[in-house]
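Remarks on the overall topology
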Amino acid sequence: FPPCREKDTTEIVINDQQYEIHIILSYSQSYSSSTAADNSTTYLIENFQNYAWSRKCISSIRRIETGIPPGEDLYNPAEAGSNRMWVNGPNLQFLNSIEAIQAEEGGSFDYVVLMESDVIPVRHFWLDILLNEISLESESAGGFAIIGSKFAGTAWDSFRSNLPL
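Source: prediction; values computed, not measured.

Attention shifts here to the overall build of the protein chain. The helix and strand inventory of the protein chain stands at four helices and four strands. In sequence order, the protein chain lays out its α and β elements as β-β-β-α-α-β-α-α. When the backbone C-alpha atoms are referred to their principal axes, the protein chain occupies close to 55 × 45 × 30 Å. Within the span of the protein chain, comprising 165 residues, buried residues form 24% of the whole. A sequence separation of at least 24 residues applies to 64% of the contacts in the protein chain between residues at least 6 apart. Where the 10 positive side-chain charges of the protein chain centre and where its 22 negative ones centre are 6 Å apart.

So this is what it looks like as structure tokens:
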């Protein structure tokens, strides 16, 4: 599904400010430790310009690695009720990715959209829709820190009642 309608520029405007969209592919460990991760991200980056939409809404694409040691890169939903580290990998990848992006760009991003690696867009022009939502939310009183839908998965169901919510 193409992320955006074709237009004449990669810049977008939110509240009279111009922004560019950059894709940053994040890997939880090190690319040197995974041929599959290295090859797939290299392929995406090298073939990025082959897509017409890439030149119309995305300014750049690059990759980062978050360097999580394999023993700490955990995601074991079956252990959700018994191992508080069961989701350590995705949590660390989020934190390390944000830190890497801020360090690389000098903290110059005004907005960051995190799409986890298991997210697959299923709608044409999904980026346009998302940018419209950001624009609407940023115009509201006080703006926003985090927007998005509430978690709708089942991984927490067995112990949700034990969480301090």
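Glancing now at the state of the cysteines. Under the counting rule described, the total for this entry stands at one disulfide. Paired by a disulfide, Cys4 and Cys57 hold their sulfur atoms 2.1 Å apart. Measuring the twist about the S-S bond at about -85°, one finds the Cys4-Cys57 disulfide to be left-handed. Pair noted here: Cys4 is in the segment before strand E1 (11-14) and Cys57 is in helix H2 (residues 54-57), with a separation of 53 residues, a long-range link. Among the residues examined, Cys4 registers a relative accessible area of 3% and is labelled buried. Using a relative accessible area of 2% as the deciding quantity, one classes Cys57 as buried.

So, on to the nonpolar core. The biggest cluster of nonpolar side chains holds 16 residues, and the ones touching the most others in it are Ile12, Ile21, Ile58, Leu127 and Leu131. When contributions to this core are tallied by element, the ones reaching two or more residues are E1, strand E3 (22-27) and helix H4 (126-139). Residue contributions to this core peak at three residues, all from H4. Ignoring sequence-local partners within four residues, the contact set of Leu127 consists of Pro3, Ile21, Cys57 and Ile58.

By the definition in use, this model includes three aromatic pairs. Pairing Tyr19 with Tyr111 gives two aromatic rings, centres 5.4 Å apart and planes at 75°, and the pair type is edge-to-face. With a gap of 92 residues between them, Tyr19 in strand E2 (residues 17-20) and Tyr111 in the loop between helix H3 (88-105) and H4 connect regions that are remote in the sequence. What makes Tyr19 buried here is its relative accessible area of 17%.

Counting along an α-helix, one turn takes 3.6 residues, and residues three or four places apart therefore face a common direction. Given a rise of 1.5 Å per residue, 14 residues ought to cover 20 Å, and the 20 Å separating the end C-alpha atoms of H4 matches this to within 8%. Listing the buried residues of H4 in full gives Leu127, Asp128, Leu131, Ile134, Ser135 and Ser138. One side of H4 carries all its buried residues, which in axial view fall inside an arc of 120°.

Turning our eyes to something else, we now look at the side chain of Ser97. In this fold, Ser97 is placed in helix H3. Sequence-distant contacts of Ser97, defined by excluding residues within four places in its chain, comprise Ser26, Ile64 and Thr66.

End to end, helix H1 (residues 35-47) covers 18 Å across 13 residues, agreeing with the expected 18 Å (1.5 Å per residue, within 8%). Packed against the buried residues of H1 are E3 and strand E4 (60-65).

Let us look at the environment of Tyr51. Summarising the element assignment, Tyr51 is placed in the loop between H1 and H2. Placed 49 residues apart in sequence, Tyr51 and Pro2 show a C-alpha to C-alpha distance of 9.0 Å.

Definitions and limits used
- Residues numbered from 1 in each chain as written.
- Predicted model: local features only at pLDDT ≥ 70, side-chain atom pairs only at ≥ 80, totals over all residues.
- Heavy atoms only, no water.
- Helix = DSSP H or I, 4+ residues; strand = E, 2+ residues; numbered from the N terminus.
- Buried < 20%, exposed > 50% of the residue type's maximum accessible area, 1.4 Å probe, protein only.
- Contact = heavy atoms within 4.5 Å.
- Lys, Arg positive; Asp, Glu negative; His and termini not counted.
- Charge placed at Lys NZ, Arg CZ, Asp CG, Glu CD.
- Disulfide = S-S within 2.5 Å.
- Core = buried A, V, L, I, M, F, W, Y, C linked by side-chain atoms within 4.5 Å.
- Phe/Tyr/Trp six-rings, centres within 6.5 Å; stacked < 30°, edge-to-face > 60°.
- Expected span 1.5 Å × (residues − 1).
- Arc of directions from axis to C-beta.

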